[in-house]
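Chain residues, written in single-letter form:
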Amino acid sequence: MAGRLLLRACTRTLQLRSGVVARPLHRAMVTERGIPTDEEQATGLERRALQALKQGKDPYSILKPQQYAGTKEDPHIVPCIGTKRIVGCLCEEDNTAIVWFWLHEGEAQRCPSCGSHYKLVHHELPH
Amino acid sequence: MAHQAHAYHMVDPSPWPLTGAISALLMTSGLATWFVYKTTTLLFLGTTLLLLTMFQWWRLIIRESTFQGHHTTPVQKGLRYGMVLFITSEVFFFIGFFWAFYHSSLAPAIELGGLWPPTGITPLDPFEVPLLNTAVPLASGVTVTWAHHSIMEGARKPALQSLTLTVLLGLYFTALQAMEYYEAPFTLADGVYGCTFFVATGFHGLHVIIGTTFSMVCLLPHTHYHFTSNHHFGFDAAAWYWHFVAVVWLFLYISIYWWGS
């Protein structure tokens, strides 16, 4: 705290000398009424997630996955940060045996059991 | 550089859970040695370690959340569940003491004179200091709600004032109860009345102290602009805990002070 006071005293002196308007040292961006918003202050992963959601994207899988028909025209879209991802297909609701298979980029693949279409779509993580 | 593709927080290892567990062991065994051998070494050690753990662990959480941004929406949701479950467990803790009180008071034993309050006990007048001690938590419930709305609307000064007021009311309550304890005409050793009274109100008082400390610890980040109008979970948790403490007092007042007098 003493350091901050010293810094403030020095800055003030210098600014007064050069005729610059003194801005509040440590509060540059704050709303009119004093409490910052997430837009101003969120950082790190929280910020990246918020910004992506604002653009309508969900790279961190926060929202429930979309429902797709699984047909050739409307395949299940599988986001992936690489070139392949494991898919587990519950062919019918309440099935206890899951059908696992690797989904590769390129043409849509079909589940070996029920035939639903799955398409890998490449996604970048925000950074 | 590998970034995680999920929104959860995989915490880094830290020593504070271990020091917390050790402090719990030292405090409980310290209490026992204090009761039996009248030495306070273990208890003192345990309390010091507990204070250190609390300071360091919560400092670490503030760093991870406010400064590093690990508390995404799913993480916050998990923290909310955690706080709610914790408060629920505390509710059941108090239910035990209310059970003990009603068990003994609804059908008073012949050794007590067959009546409640037992023969020889002069209960505290519920319409004197206890009534003031009811108005105080109710008022602090209002101030903490005022603080919450101020934070959500982005109004810093009213939030600071109302939060400070909440802390002051909490301290006032503790002071009044301490005075009542000192002046009470009966003690913990006065049969089942004294036992149920002091154990129930004593644990409640401890929770008031915890709640007041929690609110005080919220004041500090708030003055340093840590909270945003949308993301201020530490404050939410403190406010919930405070409401819980106030509601327990209401039940205590109605059961033990009023009905039980």
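Under the annotation held in an unreviewed UniProt entry, chain B carries the name Cytochrome c oxidase subunit 3 and is attributed to Monopterus albus. Recorded in UniProt for chain B, the comment headed Sequence similarities (unreviewed entry) runs: "Belongs to the cytochrome c oxidase subunit 3 family." Recorded under Subcellular location (unreviewed entry), the UniProt text for chain B is reproduced unchanged: "Mitochondrion inner membrane".

Chain A has the name Cytochrome c oxidase subunit 5B, mitochondrial in an unreviewed UniProt entry, where Monopterus albus is given as its organism. Listed in UniProt under the heading Subcellular location (unreviewed entry), the comment for chain A reads: "Mitochondrion inner membrane".

Okay, the pattern of salt bridges next. Residue and element names in this part refer to chain A. Within this structure, the stated rule accounts for three salt bridges over all chains. R47 is the salt-bridge partner of E39, the closest N and O atoms lying 3.9 Å from each other. The partly exposed category is assigned to R47, whose relative accessible area is 25%. Of the charged contacts in the structure, one is a salt bridge between K54 and E39, with a shortest N-O distance of 2.2 Å. Of this pair, K54 sits in helix α3 (residues 44-54) while E39 sits in helix α2 (residues 38-41), placing them 15 residues apart in sequence. Assessed through its relative accessible area of 57%, K54 is described here as exposed. Assessed through its relative accessible area of 41%, E39 is described here as partly exposed.

Reading the values: the criteria
- Residues numbered from 1 in each chain as written.
- Chains lettered and ligands numbered in written order.
- Predicted model: local features only at pLDDT ≥ 70, side-chain atom pairs only at ≥ 80, totals over all residues.
- Heavy atoms only, no water.
- UniProt positions renumbered as here; feature names shortened; annotations may be inferred.
- Salt bridge = Lys/Arg side-chain N within 4 Å of Asp/Glu carboxyl O.
- Buried < 20%, exposed > 50% of the residue type's maximum accessible area, 1.4 Å probe, protein only.
- Helix = DSSP H or I, 4+ residues; strand = E, 2+ residues; numbered from the N terminus.

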